[in-house]
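So you can see what is in the structure, the chains are spelled out below.
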Amino acid sequence: QVQLVESGGGLVQPGGSLRLSCAATGISFGFSAFVMGWYRQAPGKQRELVATINNIGNTNYHDSVKGRATISTGNDRRMMYLQMSSLKPEDAAVYYCNVKLDSRDYWGQGTQVTVSS
């Protein structure tokens with residue numbers, strides 16, 4: 001059974017930093033192409049892409065986080081991370097881990113990030 005579990009969210013002051021982690025279990029990446037990513041959803045807004053990384057290491061970032069966020073994976077791709085700095089109140093949202101593999105879409109349950117003084 002595929003499971004994605006996010007961690008690392010919490011309350012951060014504006015200008016602060018955090019690192020989100022996503023642990024992927026039950027996924028066999030093999031030699032398949034895949035995309036792993038972080039999405040976020042703020043209250044009353046649609047879920048939006050924050051950053052993605054694919055099986056050959058190409059990354060993509062939402063314009064609002066470029067220069068402030070870094071997405072990475074562990075060597076075995078079973079961990080994914082999102083390092084964010086210079087956090088703004090508008091970064092507050094539930095952050096979700098996502099894996100697209102073999103035409104399937106897997107989601108975690110999300111971790112809340114609150115940016116407030």
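Values in this document were obtained by computation on a predicted structure and should not be read as measured data.

(A) Structural context of the overall build of the protein chain. Along the backbone of the protein chain there are zero helices and 11 strands. The N-to-C order of helical and strand elements in the protein chain reads β-β-β-β-β-β-β-β-β-β-β. Here the C-alpha atoms of the protein chain give a radius of gyration of 14 Å, agreeing with the 13 Å that 2.2 N^0.38 yields for 117 residues. By its C-alpha atoms, the protein chain is 45 × 25 × 25 Å across when sized along the principal axes. For the protein chain, buried positions account for 40% of its 117 residues. Counting only contacts in the protein chain whose residues sit at least 6 apart along the sequence, the fraction spanning at least 24 positions is 53%. Within the structure as shown, the protein chain displays about 6,400 Å² of accessible surface, and the carbon and sulfur contribution to it stands at 45%. Charge centroids of the protein chain, computed over 11 positive and 8 negative side chains, lie 1 Å from each other.

(B) How the structure looks around the state of the cysteines. Evaluated as defined, the whole model comprises one disulfide. What pairs with Cys22 in a disulfide is Cys97, and their sulfur atoms sit 1.9 Å apart. On the sign convention where negative is left-handed, the bridge of Cys22 and Cys97, at about -70° about the S-S bond, is left-handed. Linking Cys22 in strand 3 (residues 18-25) with Cys97 in strand 9 (residues 93-101), this pair joins segments that are 75 residues apart in sequence.

(C) A look at the layout of surface pockets. Approximately 170 Å³ is the volume found for the largest pocket. Around the largest pocket, the lining residues are Arg40, Gln41, Ala42, Lys45, Gln46, Glu48, His62, Ser64, Pro89, Glu90, Ala92 and Ala93.

(D) Representation of the side chain of Arg68 in the model. Along the chain, the position of Arg68 falls in the loop between strand 6 (59-61) and strand 7 (69-73). Other than its neighbours up to four places away in sequence, Arg68 contacts Gln83, Met84, Ser85, Ser86, Leu87, Lys88 and Asp91.

(E) Fine view of the pairing of strand 11 (residues 111-115). Covered by surrounding structure in strand 11 are Thr111, Val113 and Val115 only, the residues Gln112 and Thr114 on the alternate face being uncovered. Note: strand 2 (residues 10-12) against strand 11, three bridges, orientation parallel. Note that in strand 11 the partner of Leu11 across the bridge is Thr114.

Basis of the calculations
- Residues numbered from 1 in each chain as written.
- Predicted model: local features only at pLDDT ≥ 70, side-chain atom pairs only at ≥ 80, totals over all residues.
- Heavy atoms only, no water.
- Helix = DSSP H or I, 4+ residues; strand = E, 2+ residues; numbered from the N terminus.
- Rg over C-alpha atoms; globule rule 2.2 N^0.38 Å.
- Buried < 20%, exposed > 50% of the residue type's maximum accessible area, 1.4 Å probe, protein only.
- Contact = heavy atoms within 4.5 Å.
- Areas by Shrake-Rupley, 256 points an atom, 1.4 Å probe, with all protein chains shown as cover.
- Lys, Arg positive; Asp, Glu negative; His and termini not counted.
- Charge placed at Lys NZ, Arg CZ, Asp CG, Glu CD.
- Disulfide = S-S within 2.5 Å.
- 1 Å grid on protein atoms, 1.4 Å probe; cavity = no way out; pocket = protein on both sides within 12 Å on 5 of 7 lines; lining within 4 Å.
- Points joined across faces, edges and corners; volume = space filled by probe spheres on them.
- Pairing = 2+ DSSP bridges.

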